[in-house]
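# What the coordinates show
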Amino acid sequence: MQRIRLRYTKRGRLRFTSHRDFQRAFERALRRSEVPMAYSAGFTPHPRVSYANAAPTGTGSEAEYLEIALAESRDPAVLRKLLDDSMPVGLDIIDAVEARTSGLADRLTASVWELRLDGVEPADAERAVEAFLAAEAVEVQRRTKNGMRTFDTRGAVVALEAVAAAGDRPLDHACAILRLVVRHLTPAVRPDDVLSGLRAVADLTPPVPAAVTRLAQGLFDEESGTVTDPLAPDREAVATAPPTAAATADAKAPEGPAA
């Protein structure tokens, strides 16, 4: 059984796709692409697909991950192209690698988020960021299935800064861009929780909902302060793996007589 790990996106209007809707779209793509899926055992077999730490509905993402198990081996690059062609535009399959290591979910320990705050002056955002980072704790409340819960958002935030808006031309309205690195803790601290924290410590209240996009997701490197590519260990393992038995046999096979 071969395992393939995929990276996919949620862009544009498709950011409002729920995780369940994505699952349905992806399973349809598997059928259209005639992927030889491995199935679970039991009375109701289903394709062996493992999803890891999906982004909340309404947030965009450039770094969502899943793993599939195949009954027959396939080239990851070819498989990625087939699946991407079968998915709606915006739910794009942008990377694929054969799983040669364990613990993909264990390598998703932090995320990099971008928060676009239309109607907020950059200077106001910078003051709010300074107040947030200066606080020892920033408690917020969120309603969960078990009722209202209070928790600290400051401890999960590794980095928070206001950055310049992309583009050469100035915007015709106020707009602040925040870049956020947050650890995946329990309870999970989401970008909207950090926005609640900014409102609590600095009264920063965007006039319209923030546009939130996950830029990266992976293992947090304490030394560099960066979030690393979770598929890199699999790429390295593939690159350093010895040739397969089939490849070795082909290399040793004698050439046929010249025509």
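Refer to the structure above for everything that follows.
Everything in this summary refers to the structure shown in the same document. No experiment lies behind these values; they were computed from the predicted model shown.

Helices and strands together make up the secondary structure of the protein, namely 6 helices and 11 strands. Taken over 259 residues, the protein has a buried fraction of 38%. Here the contacts in the protein between residues at least 6 apart in sequence split such that 76% fall between residues at least 24 apart. As displayed, the protein offers around 14,800 Å² of accessible surface, 50% of which is attributable to carbon and sulfur atoms. A distance of 7 Å separates the average location of the 33 positive side-chain charges in the protein from that of its 37 negative side-chain charges.

Right, let's talk about the side chain of Thr-213 for a bit. Secondary-structure assignment places Thr-213 in strand E10 (residues 211-221). Once you skip the residues sitting within four places of it in the chain, Thr-213 turns out to touch Arg-15, Gly-60, Ser-61, Glu-62, Val-112, Trp-113 and Glu-114.

Bringing the pattern of salt bridges into the picture now. With the rule as written, the count across this model stands at 19 salt bridges. Among the salt bridges present, the one from Glu-62 reaches Arg-11, with a minimum N-O distance of 2.7 Å. Separated by 51 residues along the polypeptide, Glu-62 in strand E3 (residues 60-70) and Arg-11 in the loop between strand E1 (2-10) and helix H1 (19-32) bring together distant segments of the chain. Since its relative accessible area comes to 22%, Glu-62 is described here as partly exposed. Classification of Arg-11 as partly exposed rests on a relative accessible area of 33%. Residue Asp-192 pairs with Arg-190 through a salt bridge whose shortest N-O separation is 3.3 Å. Look at Arg-190 and you get partly exposed, because its relative accessible area is 30%. Via salt bridges that share partners, Arg-3, Arg-5, Glu-67, Arg-107 and Asp-234 belong to a single interconnected network.

Let us look at the environment of Val-89. Tracing the backbone through its elements, the reader meets Val-89 in the loop between helix H2 (76-86) and strand E4 (93-98). Sequence separation between Val-89 and Arg-11 is 78 residues, and the spatial gap between their C-alpha atoms is 8.2 Å.

Each aromatic ring pair is summarised here by two numbers: the centre-to-centre distance and the angle between the ring planes. Summed over the entire model, instances satisfying the criterion amount to 3 aromatic pairs. Measuring from centroid to centroid gives 6.2 Å for Phe-22 and Tyr-51, while their planes differ by 85°, and the two rings are edge-to-face. Of the two residues, Phe-22 sits in helix H1 while Tyr-51 sits in strand E2 (residues 49-52), which places them 29 residues apart along the sequence. Given the relative accessible area of 3%, Phe-22 is considered buried. Grouping aromatic residues by their ring pairs yields a cluster made of Tyr-8, Phe-22, Phe-26 and Tyr-51.

Below, the discussion takes up unusual backbone geometry. A cis amide bond links Thr-186 with the next residue in sequence, Pro-187, at an omega value of 0°. Within the secondary structure layout, Pro-187 lies in the loop between strand E9 (175-183) and helix H4 (191-202). You will see that Glu-34, though not glycine, has its phi angle at about 55°, which is positive. Note on placement: Glu-34 falls in the loop between H1 and E2. The exposed category is assigned to Glu-34, whose relative accessible area is 68%. A positive phi is found at Asn-53, a non-glycine position, where the angle reads about 55°. Checked against the element boundaries, Asn-53 lands in the loop between E2 and E3.

Rules used throughout
For every chain, the first residue of the written sequence is number 1, and numbering continues from 1 onward in sequence order. Thresholds applied to this predicted model are a pLDDT of at least 70 for local features of residues and 80 or more for the giving and counting of side-chain atom pairs; totals over whole chains, interfaces and linings are not thresholded and use all residues. With hydrogens and water excluded, all non-hydrogen atoms of the structure serve as input to the side-chain values. Under the DSSP-based scheme used, a helix requires at least four consecutive residues in state H or I and a strand at least two consecutive residues in state E, with every element numbered from the N terminus. For the exposure calls, accessible area comes from a 1.4 Å probe over protein chains only, and a residue counts as buried if that area is under 20% of its type's maximum, exposed if over 50%, partly exposed in between. Working rule for contacts: check all heavy atoms of both residues, and any pair within 4.5 Å makes them a contact. Here the accessible surface of atoms and residues is derived via Shrake-Rupley with a 1.4 Å probe, and residues count as covered only by protein chains that are part of the display. In this tally, Asp and Glu contribute negative charge and Lys and Arg positive charge; neither His nor the terminal groups of the chain are included. To locate a charge, take atom NZ for lysine, CZ for arginine, CG for aspartate or CD for glutamate. The working definition used for a salt bridge is a side-chain nitrogen of Lys or Arg within 4 Å of a carboxyl oxygen of Asp or Glu. Think of it this way: a Phe, Tyr or Trp ring, Trp meaning its six-membered ring, pairs with another when their centres are within 6.5 Å, and the plane angle makes it stacked under 30 degrees, edge-to-face over 60, tilted otherwise.

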